[in-house]
Structure formats: structure tokens, C-alpha cells
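Below are the chains, spelled out letter by letter.
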Amino acid sequence: MNFYILPKILRTISEFSPEGTKEVKNKIFILTIFAAIFLFFVNFYFLSIERNLKEEEEKLKRILNTNPNDRLAKDKLDQIERKRRNYFGLAEIVFIIAVGIIIGFLAQSLIQLLYNFLGTIK
């Protein structure tokens with residue numbers, strides 16, 4: 001959308017409202033930078049959680065290799081799997097909400113520009 005549709009819309013509207021076009025370009029640029037930074041930090045956070053869970057899981061697997069009947073290690077391994085599912089279920093929800101907010105702001109910026117454009121035609 002940023003590379004195909006948006007330039008065509010902005011080129012068409014810039015003939016009637018150059019300042020509105022500049023404002024929308026700035027909003028989209030800020031929104032894109034914010035989204036990239038937000039997704040980077042959220043991704044970094046969940047990767048650190050995954051790394052910690054993996055280290056703990058490897059320790060427990062070593063314990064289970066030496067003593068396969070260790071019930072405590074099996075329970076902890078199951079607990080790690082539940083944590084992993086919970087964390088990544090949460091991560092999916094966070095990403096869906098973030099993408100929804102980003103798309104909503106993008107749509108609002110374009111719709112606002114179109115309303116301003118239609119107002120100048122009347």
C-alpha cells in the first residue's frame with residue numbers, strides 16, 4: 001500500500017491540496033517509524049522470554065536424560081510448555097491489536113484527507 005496505492009492517491013490529491021498531502025505524508029512516516037520501533041521492542045521482549053524458557057528446558061532435558069523417572073523435572077517441563085503457549089498466545093494478541101491500531105490510524109489519515117479533498121471540490 002505504501003509503495004503503490006498511496007503515491008497514486010497523494011499525486012491525485014496534491015493537485016488540489018498540497019498542504020494536505022504533506023500532512024498525510026508526515027503522519028504516515030511517523031506512524032511507520034512508531035510501528036517499526038514498537039514491533040522491534042515487543043519482538044525483542046518475547047525473544048528474550050523464549051531464550052530463558054529454552055535454557056530452562058535444556059537443563060530439565062539433561063536432568064531427564066540422566067534420570068528419566070524424575071517426576072519433578074517432568075512437571076517443570078510441562079509447566080515450561082504451558083508458559084510458552086501462554087506467552088506466545090499473548091504475543092499474538094498484542095501483535096493483532098498493534099496492527100489493528102496502525103491500520104486504523106492509516107485509514108483515518110487517508111479518510112480525513114479524502115474528506116478535506118471533497119470539501120475543496122464543493
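Keep in mind the model is a prediction, meaning the values are calculated, not measured.

Parameters at a glance
- Residues numbered from 1 in each chain as written.
- Predicted model: local features only at pLDDT ≥ 70, side-chain atom pairs only at ≥ 80, totals over all residues.
- Heavy atoms only, no water.
- Helix = DSSP H or I, 4+ residues; strand = E, 2+ residues; numbered from the N terminus.
- Rg over C-alpha atoms; globule rule 2.2 N^0.38 Å.
- Contact = heavy atoms within 4.5 Å.
- Areas by Shrake-Rupley, 256 points an atom, 1.4 Å probe, with all protein chains shown as cover.
- Lys, Arg positive; Asp, Glu negative; His and termini not counted.
- Charge placed at Lys NZ, Arg CZ, Asp CG, Glu CD.
- Buried < 20%, exposed > 50% of the residue type's maximum accessible area, 1.4 Å probe, protein only.

**Q** What am I meant to see in the overall build of the protein here?
**A** Helix and strand counts for the protein stand at three helices and zero strands. For the protein, the sequential pattern of α-helices and β-strands runs α-α-α. A compact globule built from 122 residues would reach a C-alpha radius of gyration of about 14 Å, whereas the protein, at 24 Å, exceeds it by more than 25%. When its C-alpha atoms are laid out on the principal axes, the protein stretches across 80 × 20 × 20 Å. Here the contacts in the protein between residues at least 6 apart in sequence split such that 69% fall between residues at least 24 apart. Accessible surface, the protein: about 9,200 Å² in total, of which carbon and sulfur atoms supply 65%. For the protein, the distance from the average position of its 18 positive side-chain charges to the average position of its 13 negative side-chain charges is 3 Å.

**Q** It is not clear to me how the environment of Leu77 should be interpreted in this structure. Could you clarify?
**A** Tracing the chain through its elements places Leu77 in helix H3 (residues 71-121). Leu77 gets classed as buried once you look at its relative accessible area, which sits at 18%. As for Leu77 and Glu57, which are separated by 20 residues in sequence, their C-alpha atoms are 6.4 Å apart. Those residues in contact with Leu77 that sit more than four places away from it in its chain are Glu57, Leu60 and Leu64.

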